[in-house]
Amino acid sequence: MKKVYNLIVAIIIAVGVVSCENQASLEYKHADKEQVINCENENNALLNEALYQFEQDITNAYDPESQLINKAYANFLYAGFSGVAEYERLATSHTLAIRKELVKEGFIKDGGFKSNLVYDNILCVLKNIEDPQLALMIEALVDSNTMDPKLFNSRMRNFAYKSQSDRYTALYVALDTYYQQLTMTEIPVKKSNE
């Protein structure tokens, strides 16, 4: 009986250690900020972390002096949607750790060509986009398997002005113009841009 008890205790401890290791695989540096993404049954902490890190990266790269997020978005959007942004200048090791978790959680497929988001897993994000025409267009392109962020590079130029109020669209921009591009190639990154 004592052997069975010891075996059960050992299994419980092992499962606890493994689950703690899995949870601690990503340091959440932006957990103290307002959690603006709230999707049922999704890893909201990861999605919020992805959004805030994306915004930090583009602000540090595109508006390092004044640190205005709207200006950073304005400077990034065309290049991001065109897929020609200087990702090696933007990404940090923390960004790549987030990307790894996004792949692990099933939000992004590793590799791909036009768009490698797993749209079924970000339906909450897409349903909360404030511009109904944009949401409908994305849905139609996904349904017809022709989704390509390049189709939005002109349409989204003015999004910078709404980026601080339309947080779900901002997350879509982060996922489809930044993190999904990071999955297509392994890029050398600097230690930090913080």
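Quick look at the structure, then. (Residues numbered from 1 in each chain as written. Predicted model: local features only at pLDDT ≥ 70, side-chain atom pairs only at ≥ 80, totals over all residues. Heavy atoms only, no water.)

**A few points about unusual backbone geometry**
Then comes step 1: Not every positive phi belongs to a glycine, and Gln67 is a case in point at roughly 55°.
Then comes step 2: Turning to its location among the elements, Gln67 is positioned in the loop between α2 (44-62) and α3 (69-82). (Helix = DSSP H or I, 4+ residues; strand = E, 2+ residues; numbered from the N terminus.)

**Points about the side chain of Asp63**
Then comes step 1: Take Asp63: it is sitting in the loop between α2 and α3.
Then comes step 2: On the basis of relative accessibility, which here comes to 2%, the residue Asp63 falls in the buried class.
Then comes step 3: Dropping the residues within four chain positions of it, Asp63 is found in contact with Ile58, Leu68, Lys71 and Ala72. (Buried < 20%, exposed > 50% of the residue type's maximum accessible area, 1.4 Å probe, protein only. Contact = heavy atoms within 4.5 Å.)

**Examining helix α7 (residues 132-143)**
In an α-helix, one turn spans 3.6 residues; hence positions three or four apart end up facing the same way.
Then comes step 1: The terminal C-alpha atoms of α7, which comprises twelve residues, lie 16 Å apart, in line with the 16 Å expected from a rise of 1.5 Å per residue.
Then comes step 2: Among the residues of α7, those classed as buried are Leu134, Ile138 and Leu141. Projected onto a plane normal to the axis of α7, the buried residues spread over an arc of 70° and lie on a single side. Facing away from the buried side of α7 by over 90 degrees, the exposed positions are Pro132, Gln133, Leu136 and Asp143.
Then comes step 3: Positive backbone phi, approximately 55°, marks Asn145, located one or two places after α7. (Expected span 1.5 Å × (residues − 1). Arc of directions from axis to C-beta.)

**Description of the packing of α2 against α3**
Then comes step 1: Between α2 and α3, whose axes approach to 8 Å, the crossing angle comes to 80°. Regarding the angle of α2 to α3, the classification is roughly perpendicular. Contact residues: Leu51, Phe54, Glu55, Ile58, Thr59 and Tyr62 in α2; Ile69, Ala72, Tyr73, Asn75 and Phe76 in α3. (Axes fitted to C-alpha atoms, helices over the stretch in contact; angles between N-to-C directions. Parallel < 35°, antiparallel > 145°, perpendicular 65-115°, else oblique.)

**A closer look at the packing of aromatic side chains**
Then comes step 1: By the definition in use, this model includes ten aromatic pairs.
Then comes step 2: Aromatic side chains Phe76 and Tyr178 sit 6.3 Å apart centroid to centroid with 90° between the ring planes, which places their arrangement in the edge-to-face category. A residue pair is termed long-range when its members are at least 10 positions apart, and Phe76 in helix α3 and Tyr178 in helix α8 (residues 167-184) qualify at 102 residues.
Then comes step 3: Considering the side-chain rings of Tyr87 and Tyr178, the 6.2 Å spacing of their centres and the 35° angle between planes classify their relative orientation as tilted. Linking Tyr87 in helix α4 (residues 87-90) with Tyr178 in helix α8, this pair joins segments that are 91 residues apart in sequence. When sorted by exposure, Tyr87 lands in the same class as Tyr178, which is buried.
Then comes step 4: One aromatic cluster in this structure is built from Phe54, Tyr62, Tyr73, Phe76, Tyr87, Phe159, Tyr178 and Tyr179.
Then comes step 5: Positioned above the aromatic ring of Tyr62 is the side chain of Arg89, whose terminal nitrogen or guanidinium carbon lies 5.1 Å from the ring centre. (Phe/Tyr/Trp six-rings, centres within 6.5 Å; stacked < 30°, edge-to-face > 60°. Lys NZ or Arg CZ within 6 Å of the ring centre and 35° of its normal.)

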